[in-house]
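Observations on the model geometry
Each chain, written out:
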Amino acid sequence: RQFNLNMFEIGKPLGKGKFGRVYLAKERNSGFVCALKVLHKAELQQGKVEKQVRREIEIQSNLAHPNILRLYGHFHDSKRIFLILEFAGKGELYKHLRKEQKFPEWKAAQYIAQMAAALKYLHKKHVMHRDIKPENILVGIHDEIKISDFGWSVHAPNNRRNTMCGTLDYLPPEMIKPGSSENYYDEKVDLWSLGVLTYEFLVGEAPFEDTPVMTQRRIARGDMTIPSFVSPEARDLIKKLLVLDPSKRLPLEDVERHSWIVKHCVKGERSYNRTSSSLKS
Ligand SMILES: COc1cccc(-c2nc(Nc3cc(C)[nH]n3)cc3ccccc23)c1
């Protein structure tokens, strides 16, 4: 479908991202509410991120999953690129996390279960996100989370070329230490980040948070401690994801059926039994 700016009624500005502003918008003839992300071509050229934006558009347009923010379409004029994105009513997850300091275990487990489902969908398409962190997650009106910002996602496997920017906290060891020449890495980088995310949801700060130099060293050694207030089941999951050797990280199928996830995500035993008889096979 061809889109253009006067098909939309532009609403309030929702906020400013790194390379653009986001507005609430409504498509005139359907009344469909969405979020319009406006990127300035000049800024993208300065930031040398045009390729990333092209990749974000190409990858995100082909994804359809309840926990991945939809990119419905895009268009551009002489100066700007417009992304027509799904609107997530409760905004940025990291703002909720900072406000609440840390999430109760039941909420963290529900979010991690949704992340695991989204990552499973992505990995089946051989897409790795590579930038899983609270800043790149939005929250829908029913408290469902949506991975957004596919600027760093690529088709796996990949040999890292472009430099990293932003926080190192979520990067796995294989992306940090320039090991042997072929420092190929694959989707398992997202498993490490899922472990970092689980830790940060429950503790309120990232496991290797430190000065940049120290963070790199601590990640490379897997040097982190889990506070005693974290339940044994949650601790078990974090330790099975934050494993230096990518091949030894817990696969997403096993994350979804991990005792900590099942305990908080399957409907309560009683209600579950009550409804299970009525459930048709
Ligand atoms: C920096 O703060 C920013 C930046 C960009 C968007 C928001 C924001 N976004 C959304 N929803 C969105 C955004 C997108 C691309 N889809 N759905 C909702 C909000 C609600 C309250 C405050 C802020 C919000 C914040």
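Above this note sits the structure.
Residues numbered from 1 in each chain as written. Predicted model: local features only at pLDDT ≥ 70, side-chain atom pairs only at ≥ 80, totals over all residues. Heavy atoms only, no water.

Once that is clear, we can look at unusual backbone geometry. For His 126, which is not a glycine, the phi torsion comes out positive at approximately 55°. Topologically, His 126 is positioned in the loop between helix 4 (105-124) and strand 6 (127-128). The residue Asp 143 is not glycine, and still its phi comes out positive at about 65°. Take Asp 143: it is sitting in the loop between strand 7 (137-139) and strand 8 (145-147). (Helix = DSSP H or I, 4+ residues; strand = E, 2+ residues; numbered from the N terminus.)

Here the focus is the pairing of strand 4 (residues 71-76). Relative to strand 5 (residues 80-85), strand 4 is paired through five bridges, and the arrangement is antiparallel. Residue pairing for strand 5: Phe 75 is matched across the bridge by Phe 82. Following strand 4, the chain reverses through three residues before pairing antiparallel with strand 5. (Pairing = 2+ DSSP bridges.)

Strand order in the open sheet made by the five strands is 1-2-3-5-4, with antiparallel pairing throughout. Each of the sheet's edge strands pairs with one partner strand only, and the pair in question is strand 1 (8-16) and strand 4. Neighbour-to-neighbour, the strand axes of this sheet turn through a mean angle of 25°, independent of strand direction. Judged from the six bridges that link them, strand 3 (residues 33-40) and strand 5 form a sheet pairing that is antiparallel. Residue pairing across strands places Lys 37 opposite Leu 83, the latter belonging to strand 5. Those strands touched by helix 2 (residues 50-61) are strand 3, strand 4 and strand 5, and its axis lies near 145° from that of strand 4. (Axes fitted to C-alpha atoms, helices over the stretch in contact; angles between N-to-C directions. Contact = heavy atoms within 4.5 Å.)

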